[in-house]
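Fold and contact review
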Amino acid sequence: MAEIVLRNVQKKFGDFVAVEASNLKVENGEFFVMLGPSGCGKTTTLRMIAGLEIPTTGSILLDNKNVTSLRASQRDIAFVFQLFALYPHLNVEKNISFPLRMQKMKSSEIKERVREVSQLLRIEHLLKSNVSNLAGGDRQRVALGRAIVRRPAAFLMDEPLGTLDAEFREEMCLELKKLHKRIQATTVYVTHDQIEAMTMGDKIAVMNQGKILQNGSPNEIYSKPKTKFVGSFIGSPSMNFIPVKKSIEKGATSIIIKGNEFGIPEQHEGTIGDQNFIGVRPEKMTLTKNQGISGEVFGSEYLGSRNILTINTEVGQFKIRVSKDIKVSLRENVKISFDAHSAIIFDGTSDKALQSAYMTI
Amino acid sequence: MANVKIENVSINFGKTTALSNVDFEVKNSEFFVLLGPTGAGKTTTLRLISGLERPDSGKILIDGVDVTQMQPAYRDTAFVFQQYSLYPNYSVFDNLAFPLRSPLRKENPEIIEKRVIEIASLLKIENKLKNSATELSGGEMQRVAIGRALVRNPNIFLMDEPLSSLDAKLRGNLRVELKRIQEELGATILYVTHDQIEAMTMADRIGVLREGELVQIGTPAEIYSCPVDTYVACRLGSPQINLLPEAIFEFPEIPTATKTLGIRPEDVTLGYSGLEGTVSGIQNLGADTILLLSLNDHEVFAYADPAKTYSYGEVLKVGIDPEKTLFFDAQDQLISA
């Protein structure tokens, strides 16, 4: 097992900066997720940890040992790719045991390890099957098995569930997480799917345009996003941003929007310009009978355990999560308000969340 | 717009039965969703209605007229495919206008222009009309593809997973918009998907397909709260409904034929009374915390208080309310109250 540290790691391809100088620490035994849209630099970062790319500057430490210039094969790391790269002409058992046979391990030990891994992944009954006859999920289990069987210091996974359909992905998410709990191996997992990240990560690093914007527990990232991008990328439906076309002073505890006064957490910083936003999660917005932003119901989505309302207002379109018992009809006029304790002010100029009584990280 | 009836339709491809005695009606101005996994027969149903396939038996009626043997062109249906197929050498405007310029329904240019602009503004692509179709993002291309169907006033819109190639956020937005547009136009839509969220959020009624058979038809709320069997119960809701053997909880009175209990994750109570369950999975989704609990040999999903912190191995009391429990018999059928 291992601890992974990135020190000022930067990667350029020609003039293009794929990853800006980044610092990162993945603790021993942690499930660490790198999350971001395509092209954000997450896979490049993973490939540098694996040794498939050499950083332009900076160093990578594996258990305090500098591995920056070591080849992939010398790093004791297993890589699981998005597309299950299995050997089509070998059966499941031979696919799983392949890395061990390459290491010239004793056949009795190979047998024992394959048995152990296939039990863990519940594919014992498939050992003799041809991999080309397997269902998507089973193929991915075999690919995982081939990574686990080596007992590497760390696992690196590049969207390993990306090609599975939704229902199955949910199931595999849970399975992977359980597997991780059991073998406690340091894992770095790359995805663009925020639900996968939230479900599995002990920690999440959100990346965009080559930069790590925030690094923290799923709960921290969800409830206290440091930038507007993080707020909108995490959560489904995403965070609502109410535009405020004036500056907000340090010490402010309320904001007036279209003549209505709303409480906000006491601000410890003021805004730079006069184009700012209040960030509010859908479950922290409410329909109100008192003063509020007036709007009209544009859509109502039934989800069994709850409803998501889309409200068009004079200051923009917002999504509100309400209990399944609340019934509203399309085009109905409503007023909306929000929770004063968890609202976050985002500076429109810098995109950053301002420090406040609530936003303390 | 029209009312479309599918009467006892069956079709086989070689030895495979694609659809077997499928019988349903899409009412005028209804948003009807066929939900099922790959291979359930969803796309075949659309192809039968549009005339791209002929059934082995059964009838298709549009506004009471039997069209079973009619050519596609005379049925006046509009198809939206999963993969947007636009004319790359045409502008957005010309792509949208194309169906109205067809020799079968030649409209005059003023009417075409008016209609195209109307639909483009509904789909929020009015500022892209002069763009070439290749200068659009994926979401915009799919809007144009949907728009090309909407410019016509066909008997029915047939939509084959039109949102599935888009990313999650865009899909979420288009869901709401498509439903709204359907309401405004009073359009009759038959929409097929394997995505239960699309089905739940857009449908007036859902038909659940399983291996070529229509197993249940109803409103989303009806199907969610009264699924006819355990298969349907598992198709709607995420995380899935919990299915547990009846012996696990001691209920004072349950139907005698009961073999399995069905409890939605939001109806499981934690902390007060019930059986001891060990936390074996924690999903912190921000607005929700979903726990996976092990009860003896069984696993139960439950919504938990997102403000609290839970840890693996923690033991909680897991309770269920008989009022909110579904009872299934040995054949997995719902025992109605």
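Residues numbered from 1 in each chain as written. Chains lettered and ligands numbered in written order. Predicted model: local features only at pLDDT ≥ 70, side-chain atom pairs only at ≥ 80, totals over all residues. Heavy atoms only, no water.

Examining the overall build of chain B
Filter applied, for reference: Helix numbers and strand numbers start at the N terminus; a helix is a DSSP run of H or I with at least 4 residues, a strand a run of E with at least 2. Think of it in three bands: with a 1.4 Å probe and only protein chains considered, a residue is buried below 20% of the maximum accessible area for its type, exposed above 50%, and partly exposed in between. Should any heavy atoms of two residues lie within 4.5 Å, those residues are counted as being in contact. All accessible-area figures derive from a Shrake-Rupley calculation using a 1.4 Å probe, and residue coverage is judged against the displayed protein chains alone. Working convention for charge: Lys and Arg count positive, Asp and Glu count negative, and His plus the chain ends are omitted. Note on charges: their place is set at NZ of Lys, CZ of Arg, CG of Asp or CD of Glu.
Scanning chain B from terminus to terminus reveals 8 helices and 17 strands. Among the 337 residues that make up chain B, the fraction classed as buried is 54%. Put simply, of all contacts in chain B between residues at least 6 apart along the chain, 64% involve residues at least 24 apart. Summing over all exposed atoms, chain B offers an accessible surface of approximately 15100 Å²; the carbon and sulfur share of this is 49%. Where the 32 positive side-chain charges of chain B centre and where its 45 negative ones centre are 8 Å apart.

Section: the sheet that holds strand β16 (residues 293-302) of chain A
Residue and element names in this part refer to chain A. For clarity, the cut-off: Two strands qualify as a pair provided DSSP detects at least 2 bridges between them. Lines are fitted to the C-alpha atoms to define the axes, a helix being fitted only along its stretch in contact, and any angle between axes, read from their N-to-C directions, falls within 0 to 180 degrees.
Strands sit in the order β15-β19-β16-β17-β18 across an open sheet of 5 strands; the sheet is antiparallel. Strand pairing shows two members of the sheet lacking a second neighbour, β15 (285-287) and β18 (316-323), which therefore form its edges. On average, each strand axis in the sheet is inclined to that of its neighbour by 45°, with strand direction left out of account. Sheet analysis places β16 next to strand β17 (residues 306-313), joined by 7 bridges and oriented antiparallel.

Details of unusual backbone geometry
The omega angle of the peptide bond from A:Ser236 to A:Pro237 is -5°, so this bond is cis rather than trans. Here A:Pro237 lies in the loop between α8 (228-233) and β11 (240-244). The omega torsion of the bond from B:Ser238 to B:Pro239 falls at -5°, within 30 degrees of zero and hence cis. The topology assignment puts B:Pro239 in the loop between α8 (230-235) and β11 (242-245). Of note in the backbone geometry, A:Arg151 takes a positive phi value of approximately 50° without being a glycine. Relative to the assigned elements, A:Arg151 resides in the loop between α4 (136-148) and β7 (154-158). If you check the backbone angles, B:Asn296 has positive phi at about 50° while not being a glycine.

Considerations on the interface of chain A and chain B
To keep it simple, the criterion reads: Reported buried area values correspond to the accessible surface (1.4 Å probe) lost by two parts on association, with both partners' losses combined. The term salt bridge refers to a side-chain nitrogen of Lys or Arg lying within 4 Å of a carboxyl oxygen of Asp or Glu. Counting of polar contacts relies on pairs of N or O atoms within 3.5 Å, with two restrictions inside protein: one atom must be capable of donating a hydrogen and the other of accepting it, and residues adjacent in sequence are counted only when both atoms are side-chain atoms.
In this complex, chain A contributes 34 residues to the contact, which on the side of chain B involves 33 residues. Surface buried jointly by chain A and chain B totals about 2700 Å² across both partners, of which 52% is contributed by carbon and sulfur atoms. Considering only the side of chain A, the residues that lose the most area to chain B are A:Phe298, A:Glu301 and A:Tyr302, jointly responsible for 22% of the buried surface there. A salt bridge links A:Arg321 to B:Asp288; the shortest N-O distance between them is 2.8 Å. Summed over the shared surface of chain A and chain B, the result is 6 residue pairs in polar contact (both at pLDDT 80 or more). Those elements giving two or more residues to the side of chain A that touches chain B turn out to be α5 (166-183), α6 (194-200), α7 (218-223), α8, β16, β17 and β18 of chain A.

Some details on α4(A)
All names here are of chain A. The criterion, for reference: The span expected for a helix works out to 1.5 Å for each residue beyond the first.
Taking 1.5 Å as the rise per residue, α4 with 13 residues should run 18 Å; its terminal C-alpha atoms sit 18 Å apart, in good agreement. The buried count for α4 comes to 10 of 13 residues, which makes it a mostly enclosed element. Of the positions making up α4, those classed as buried are Gly137, Gln140, Arg141, Val142, Ala143, Leu144, Gly145, Arg146, Ala147 and Ile148.

Points about the environment of A:Leu330
Here A:Leu330 shows up in the loop between β18 and β19 (333-338). Distance from A:Leu330 to A:Thr310, taken between C-alpha atoms, is 9.6 Å for residues 20 residues apart in sequence. The residues contacting A:Leu330, other than those within four sequence positions of it, are A:Val297, A:Phe298, A:Gly299, A:Ser300 and B:Glu183.

Regarding helix α1 (residues 42-50) of chain A
Note: α-helices contain 3.6 residues per turn, so residues at a spacing of three or four share the same orientation. Residue and element names in this part refer to chain A. Counting buried positions over the 9 residues of α1 gives 7, a clear majority of the element. All of the buried residues in α1 are Lys42, Thr44, Thr45, Leu46, Met48, Ile49 and Ala50. Positive phi appears at Gly51, one or two residues downstream of α1, with a value of about 95°.

Re the side chain of A:Thr310
Within the secondary structure layout, A:Thr310 lies in strand β17. At 3.2 Å, the side chain of A:Thr310 forms a polar contact with the side chain of A:Lys319. Residue contacts for A:Thr310: discarding those within four places in its chain leaves A:Glu296, A:Val297, A:Phe298, A:Gly299, A:Gln317, A:Phe318, A:Lys319 and B:Val176.

Thoughts on the domain arrangement of chain A
One widely used convention gives an interface's size as the accessible area the parts lose upon coming together. All names here are of chain A. We count it as follows: An automatic or database domain assignment supplies the residue ranges for each domain. Following the grouping adopted for this structure description, the nonpolar residues are Ala, Val, Leu, Ile, Met, Phe, Trp, Tyr, Cys and Pro, the charged ones are Asp, Glu, Lys and Arg, and the polar ones are all others, Gly among them.
Per the domain assignment, the segments of chain A are domain 1 (4-223) and domain 2 (229-359). Listed by partner, the interface residues are 14 residues for domain 1 and 10 residues for domain 2. Interface of domain 1 and domain 2: buried area, both sides summed, is about 1100 Å²; carbon and sulfur atoms make up 68% of it. Of all residues in domain 1, Gln194, Tyr222 and Ser223 bury the most surface against domain 2, accounting for 51% of the area lost on that side. Taken together, the links from domain 1 to domain 2 amount to 0 salt bridges. Our count for the contact surface shared by domain 1 and domain 2 stands at 4 residue pairs in polar contact (both at pLDDT 80 or more). At the level of secondary structure, the elements contributing two or more residues to the side of domain 1 that touches domain 2 comprise α6, β9 (203-208), β10 (211-216) and α7. Here the residues of the side of domain 1 that touches domain 2 are counted per class, giving 8 nonpolar, 6 polar and no charged.

Some words on the pattern of salt bridges
When their charged atoms lie close together, side chains carrying opposite charge are able to pair. All names here are of chain A. Tallying each qualifying case throughout the model produces 27 salt bridges over all chains. A salt bridge links Lys11 to Glu53, with the nearest nitrogen and oxygen atoms 3.8 Å apart. One end of the pair, Lys11, is in strand β1 (residues 4-13); the other, Glu53, is in the loop between α1 and β4 (57-62), and 42 residues separate them in sequence. According to the relative accessible area criterion, Lys11 is buried, its value standing at 9%. Of the charged contacts in the structure, one is a salt bridge between Lys128 and Glu93, with a shortest N-O distance of 2.5 Å. With a gap of 35 residues between them, Lys128 in the loop between α3 (107-120) and α4 and Glu93 in helix α2 (residues 92-102) connect regions that are remote in the sequence. Through salt bridges that share partners, Arg122, Asp138, Arg141 and Glu175 make up one connected network.

Let's talk about the packing of aromatic side chains
To describe a pair of aromatic rings, one takes the distance between the centres and the angle between the planes. Spelled out, the test is: Two aromatic rings from Phe, Tyr or Trp, using only the six-membered ring of Trp, form a pair when their centres are within 6.5 Å; if the ring planes differ by under 30 degrees the pair is stacked, by over 60 it is edge-to-face, and anything between is tilted. Consider the ring centre and the ring normal. A charge sits over the ring if Lys NZ or Arg CZ is within 6 Å of that centre and within 35 degrees of that normal.
Taken as a whole, this structure holds 13 aromatic pairs over all chains when the rule is applied. Plain terms: the ring middles of A:Tyr302 and B:Tyr224 are 6.2 Å apart, the flat faces sit at 85° to each other, and that makes the pair edge-to-face. Within this pair, whereas A:Tyr302 is found in strand β16, its partner B:Tyr224 is found in helix α7 (residues 220-225), the two belonging to separate chains. Through successive ring pairs, a cluster of aromatic residues spans A:Phe241, A:Phe277 and A:Phe346. When the ring centre of A:Tyr222 is taken as reference, the NZ or CZ atom of A:Arg281 above it lies at 4.0 Å. The side chain of B:Arg264 reaches across the aromatic face of B:Tyr224, ending 3.9 Å from its centre.

Some details on the nonpolar core
Let me state the cut-off plainly: Joining through side-chain atoms within 4.5 Å is the link that ties buried Ala, Val, Leu, Ile, Met, Phe, Trp, Tyr and Cys residues into a set, and such a set is a nonpolar core.
The biggest cluster of nonpolar side chains holds 49 residues, and the ones touching the most others in it are B:Leu96, B:Val116, B:Phe157, B:Tyr191 and B:Ile206. The dominant element in this core, judged by the number of residues it contributes, is helix α4 (residues 138-150) of chain B, at 6 residues. Excluding anything up to four places from it in sequence, B:Ile206 contacts B:Phe32, B:Val33, B:Leu35, B:Ala199, B:Met200, B:Gln216, B:Ile217, B:Gly218, B:Pro220, B:Ile223 and B:Leu236. By size, the runner-up hydrophobic cluster in this structure holds 46 residues, among which are A:Ala143, A:Met157, A:Cys173 and A:Ala197.

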